[in-house]
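What follows is the residue order along each chain.
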Amino acid sequence: MKKISRREFLTVVAAASAAGLLSACGGSSGGTTSTSAAGGGAASGQSINLRIASSSPTVEFEGDGTTALGISALYFVNQISARTDGRITAQIFPDGQIASSTQEYIGGLQNGAFDIGILNCGSWGDYTSAFAGLNMPYLYLNYDEAYAVLDSEVGQSWLQKAQEDTTTIPLAFFDIGFRELTCNNEVHTPDDLKGVKIRVMPDPIQTATWEALGCAVTPVAYSELYTALQQGMVDAQENPPSNIVSSKVYELQNYMVMTNHNFTATIPAISPVIWNQLSADDQQLIRDVMVEAQNEGRKHTAELADGFIQTVEDDAGTKVIYLTDDELKAFQDKVKEPIWPMVEKQMGTDAYNALISFVEDYEAGKK
């Protein structure tokens with residue numbers, strides 16, 4: 001997939017704004033029932049329309065998807081319809097239309113207000129410690145290492161724990177990539193962040209990470225981030241390049257600093273209300289297609305990230321700062337000592353040790 005230039009991206013944005021809601025390709029809305037609204041059974045053979053909540057901008061779901069997350073979500077939408085001859089369809093509601101805050105996502109899934117929610121790993125922290133291992137700053141060195149963890153028994157156990165803690169059913173790890181900082185002041189050391197008001201995900205570990213770097217953390221829903229920056233409620237934010245560009249927050253920031261502080265996945269989870277109405281065959285099919293969708297998105301993450309970074313570099317108002325190895329180490333040293341023990345306490349020693357052992361073995365070539 002080729003890199004997306006700024007002009008091409010903005011063209012897609014314009015098309016997306018006119019597109020409105022995104023529905024399953026090939027599905028017929030006239031003959032499909034929204035299970036979350038109907039409240040009826042979903043026995044084998046019954047038509048099902050799965051409503052998918054996402055806070056990501058509409059543009060991410062244009063065409064075959066303009067981000068790894070969009071590619072994964074649309075792969076699921078298209079394939080679930082194709083493999084059931086249109087009996088099961090899915091419709092994406094982007095831009096936080098039917099859920100915005102974490103409470104709305106988790107609560108909405110629990111009570112069946114909608115069927116599937118795509119919720120960032122850093123947004124689950126108030127409800128479960130399952131994804132604490134994804135919030136550890138500077139644990140993962142590259143994409144392959146992160147994917148190896150997620151696909152291992154370690155990563156799969158996180159999905160199971162999240163289900164036990166929330167009653168929702170997480171199905172896969174959609175890819176977003178490594179997170180970077182955007183801000184209005186030039187940053188080369190942690191000292192440059194002292195007192196900066198930053199929006200981060202509502203996770204205790206990520207909050208503590210940025211507080212350790214000297215920031216004043218301010219909670220803001222992702223769907224409200226652009227406005228918060230515009231109005232000066234926050235001075236900075238951190239997200240993967242795909243989110244930085246798709247939400248256009250870089251247009252409001254003077255700098256994008258390549259901190260690579262966290263690898264981020266976002267988790268599609270299905271409501272227990274609809275899940276318990278599905279046949280075993282339909283449950284397995286949805287699981288299988290979700291994992292395929294996860295893997296489809298991964299094929300494009302790194303190349304797309306390069307394109308999004310180039311989009312920011314092409315913008316005359318935003319400068320991209322590439323930290324030197326020594327500068328990056330200063331950030332790593334500032335957060336690892338206070339934050340990693342917090343992760344151990346949150347995860348539990350056994351789960352923490354299993355994660356660290358897996359990563360160490362992987363880096364030593366034993367995995």
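What counts as what
Residues numbered from 1 in each chain as written. Predicted model: local features only at pLDDT ≥ 70, side-chain atom pairs only at ≥ 80, totals over all residues. Heavy atoms only, no water. Core = buried A, V, L, I, M, F, W, Y, C linked by side-chain atoms within 4.5 Å. Buried < 20%, exposed > 50% of the residue type's maximum accessible area, 1.4 Å probe, protein only. Contact = heavy atoms within 4.5 Å. Helix = DSSP H or I, 4+ residues; strand = E, 2+ residues; numbered from the N terminus. Polar contact = N/O pair within 3.5 Å; in protein donor to acceptor, adjacent residues only side chain to side chain. Axes fitted to C-alpha atoms, helices over the stretch in contact; angles between N-to-C directions. Parallel < 35°, antiparallel > 145°, perpendicular 65-115°, else oblique. Left-handed = near helix turned anticlockwise from the far one by under 90°. Nonpolar A, V, L, I, M, F, W, Y, C, P; charged D, E, K, R; others polar. Phe/Tyr/Trp six-rings, centres within 6.5 Å; stacked < 30°, edge-to-face > 60°. Pairing = 2+ DSSP bridges.

Caption draft 1: Layout of the nonpolar core. Of all hydrophobic cores here, the largest spans 61 residues; its most connected members are Phe131, Tyr140, Trp158 and Leu355. In contact with Leu355, not counting residues within four places along its chain, are Gly133, Met136, Leu139, Tyr140, Val149, Val154, Trp158 and Met347.

Caption draft 2: Focus on the side chain of Ser54. Relative to the assigned elements, Ser54 resides in strand S2 (residues 48-54). A relative accessible area of 1% means that Ser54 is categorised as buried. A polar side-chain atom of Ser54 sits 3.1 Å from the main-chain amide nitrogen of Ser56. Leaving out residues up to four positions away in the same chain, Ser54 has contacts with Phe61, Phe93, Pro94, Asp95, Gly96 and Tyr105.

Caption draft 3: Molecular detail of the environment of Thr218. Structurally, the position occupied by Thr218 is in the loop between strand S9 (216-217) and helix H8 (225-230). The sequence separation of Thr218 and Ile198 amounts to 20 residues, and the corresponding C-alpha distance is 5.8 Å. Those residues within four positions of Thr218 in sequence are excluded, and the remaining contacts are Lys197, Ile198, Arg199, Val200, Met233 and Val234.

Caption draft 4: Region of the structure containing the side chain of Thr266. Within the secondary structure, Thr266 is located in strand S12 (residues 263-270). The exposure class of Thr266 is buried, given its relative accessible area of 2%. Polar side-chain contacts of Thr266 include one of 3.0 Å to the backbone nitrogen of Asn120. Other than its neighbours up to four places away in sequence, Thr266 contacts Leu69, Ile118, Leu119, Asn120, Cys121, Ala172, Phe173, Phe174 and Ile176.

Caption draft 5: Structural view of the packing of helix H7 (residues 204-212) against helix H13 (residues 325-347). At their nearest, the axes of H7 and H13 sit 9 Å apart, and the two run at 160 degrees to each other. Taken together, H7 and H13 sit at an angle that is classed as roughly antiparallel. At the point where H7 passes H13, the crossing takes the right-handed sense. Where H7 abuts H13, its residues Pro204, Ile205, Ala208, Thr209 and Ala212 lie against Lys334, Val335, Pro338, Ile339, Met342, Val343 and Gln346. Across the contact of H7 with H13, the residue classes break down as nine nonpolar, two polar and one charged.

Caption draft 6: Geometry of the packing of aromatic side chains. The tally for this structure, following the rule as stated, stands at nine aromatic pairs. Where Trp124 meets Phe131, the ring centres are 5.4 Å apart and the plane angle is 75 degrees; that geometry is what we call edge-to-face. Grouping residues by exposure puts Trp124 and Phe131 together as buried. Summarising the aromatic geometry, the rings of Phe178 and Phe263 are spaced 5.4 Å apart at their centres and angled 70 degrees between planes, so their arrangement reads as edge-to-face. With Phe178 in strand S6 (residues 174-178) and Phe263 in strand S12, this pair connects stretches of sequence that are 85 residues apart.

Caption draft 7: Looking closely at the pairing of strand S4 (residues 116-120). Counting buried positions along S4 yields five of five residues, so the element is predominantly enclosed. Judged by which residues are buried, S4 turns out to be covered on both faces: Ile116, Ile118 and Asn120 on one side and Gly117 and Leu119 on the other are all buried. Pairing geometry for S2 and S4, over three bridges, is parallel. Across the sheet, residue Ala53 finds its bridge partner in S4, namely Gly117.

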